[in-house]
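# Per-entry structural report
This is what each chain is made of:
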Amino acid sequence: MIESNQPSSSAGRLRLRTRFAAAVAVFALSLFVILATGRQRGDFRIDEAHKLSESYYLRLAERGDFSNADWFRSRVERANPPFGKYLFGLAIRAAGLELPHDLAVAEQVNNGQRYPPSWAIPAYKEMLVPVRLLTAVLSAATAAAIFLIGCSAGGWTAGLVATILFGTSFMAQAFAATAVFDPLLTFSVLLTLLALIGLPKASWPSASWHMVLAGALAGVAAQVRVTGLIALAGIIAVAMVDALCRGRLRRAVVLSCLAGIACLLVATALNPYYWSNPSPSAVPPSFRATQALPARILDRYRLQFADLSFLLEREESAQTPLRGIEKPRFVAEYLFGDWSGVMMFFGLALAVAIPAATRRFDRQAAIVVTWSVVILIVLTAWLPLPYPRYVLVALPPAALTAGYGWSILLRNISEHLRPNRRSTAAVSPAPPR
């Protein structure tokens, strides 16, 4: 049985205001904890120097230099979308610092070198501060979004449990203030689910806007990293669940198409690589043929995926790739490898087992759980290499599903205890006077 809990409009508005106020408090507390633990301090980590160097692309965008050969020369830069590069550049600009003037550092650290060259270290250490602060803010915003979504699925208990499980995970703590794109990707993918809150009770025009917004956010996620397209799989799954609840398959197809179109348009607009026309003399031969739009865009997408395949093959030749059962084992190791992970694992089991046993499904909870499970499955099926930070995007879906699982367990326990209290009160003798 699928249930839909729709409070009165005044009570609903009050509940929303209270939840938003609580989400602001979650954001502030999360940011305070991240900064208090000193995660924003320390030496260069993993790919930070490379990501700082890529903020150079904001310089090109600021001056409208979309035909510059640097959009096309490097296979690595062609394969990596630019939205994170823009955002890191804005953080550097906001701190009053100068952006990189070229990709010299990116070219030198591209092969796994952690430190920038000696001549760049002073400037890059300055840039590291605002960009790490940005990723700390994004991590805190992710916690706040998890709280809001969890509350929509299973009330305050689900929101609080999901937020605690996320915030105490060693994965979240490890990347909470690290100058890489993974916290941004995680937040961007999660925003697509936040855009779908309220879809079960939305009318057709309102549902269309929900899906367009979610699709546009998926386009942003795809321009942080191409793997952000997993968000689109979650959106389509939500549309199908909504259709199942309403008995309208055509509605799901139309809404999915709207989300897909919005995703494609936003992703294409954000990345000049897809549509700009460079000088033929300065770029690789594959980019020298001038094609009219939209054929040029389609060809650039094809070339980008060819670059990604080449880079993946190169990485797989340098280290052992993940195959078969190794993929879920690796994801489980990093998602469920500490005490909060163990709680997440059991919460996930509860979120599946209890509704299946009781045959009671809240429509909003079904949306959240479906999106989360699809993200977890698609990410696990795709994961080609044993890179722990690639698993970070799966942490909010796992925390949300687990938070819902624990909340419905507590709700069922409360419902079973409540009649016992009433019956005990009924048979108790009257107190002496």
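Here, every reference points to the structure presented above.
Summarised in this report is the structure supplied together with it. (Residues numbered from 1 in each chain as written. Predicted model: local features only at pLDDT ≥ 70, side-chain atom pairs only at ≥ 80, totals over all residues. Heavy atoms only, no water.)

A word on the overall build of the protein. Along the backbone of the protein there are 17 helices and two strands. Its C-alpha radius of gyration of 24 Å places the protein within 12% of the 22 Å reference for a compact globule of 433 residues. Each principal axis of the C-alpha distribution contributes one length, and for the protein these read about 100 × 50 × 45 Å. Each of the 433 residues in the protein was classed as buried or not, and the buried ones make up 52%. Put simply, of all contacts in the protein between residues at least 6 apart along the chain, 80% involve residues at least 24 apart. Accessible surface for the protein amounts to roughly 19,800 Å². Of this, 65% is attributable to carbon and sulfur atoms. Once the 41 positive and 25 negative side-chain charges of the protein are each reduced to a mean point, those two points are 12 Å apart. (Helix = DSSP H or I, 4+ residues; strand = E, 2+ residues; numbered from the N terminus. Rg over C-alpha atoms; globule rule 2.2 N^0.38 Å. Buried < 20%, exposed > 50% of the residue type's maximum accessible area, 1.4 Å probe, protein only. Contact = heavy atoms within 4.5 Å. Areas by Shrake-Rupley, 256 points an atom, 1.4 Å probe, with all protein chains shown as cover. Lys, Arg positive; Asp, Glu negative; His and termini not counted. Charge placed at Lys NZ, Arg CZ, Asp CG, Glu CD.)

Attention shifts here to the environment of Ala221. Turning to its location among the elements, Ala221 is positioned in helix α10 (residues 204-222). What makes Ala221 buried here is its relative accessible area of 0%. In this structure the C-alpha to C-alpha distance between Ala221 and Leu185, which are 36 residues apart in sequence, comes to 5.9 Å. For Ala221, the contacting residues outside a window of four places in its chain are Leu185, Ser188, Val189 and Gly228.

What follows is about the environment of Phe44. Note that Phe44 resides in the loop between α1 (9-36) and α2 (48-53). A sequence separation of 161 residues divides Phe44 from Pro205, and the C-alpha atoms of the two residues are 48 Å apart. For Phe44, the residues in contact, after removing those within four places along its chain, are Ala49, Leu52, Arg114, Tyr115, Pro116, Ile121, Tyr124, Lys125, Leu128 and Arg132.

This part covers helix α15 (residues 339-358). In a regular helix each residue adds 1.5 Å, so 20 residues correspond to 28 Å; α15 covers 28 Å between its end C-alpha atoms and thus fits that length. Taken as a whole, α15 has its buried residues at Ser340, Gly341, Met344, Gly347, Leu348, Leu350, Ala351, Ile354 and Pro355. Backbone geometry just downstream of α15 places Arg359 in the positive-phi region, at approximately 55 degrees. (Expected span 1.5 Å × (residues − 1).)

End to end, helix α13 (residues 295-318) covers 35 Å across 24 residues, agreeing with the expected 34 Å (1.5 Å per residue, within 8%). Among the residues of α13, those classed as buried are Arg296, Ile297, Asp299, Arg300, Tyr301, Leu303, Gln304, Asp307 and Leu311. As for α13, its buried residues are in contact with α4 (75-79) and α12 (249-270).

A few words on a nonpolar patch on the surface. Taken together, Trp156, Leu160, Ile164, Trp339 and Met343 make up a surface patch of nonpolar side chains, about 510 Å² in accessible area. Contributions of two or more residues to the nonpolar patch are made by α7 (121-168) and α15. The dominant element in the nonpolar patch, judged by the number of residues it contributes, is α7, at three residues. Mapped onto the elements, Trp339 comes out in helix α15. Trp339 sits in the exposed class, given a relative accessible area of 54%. (Patch = residues over 30% accessible without salt bridge, like charges linked within 9 Å, V, L, I, M, F, W, Y side chains within 5 Å. Salt bridge = Lys/Arg side-chain N within 4 Å of Asp/Glu carboxyl O.)

It is worth stressing that arrangement in space is one thing and function is another; only the former is reported here.
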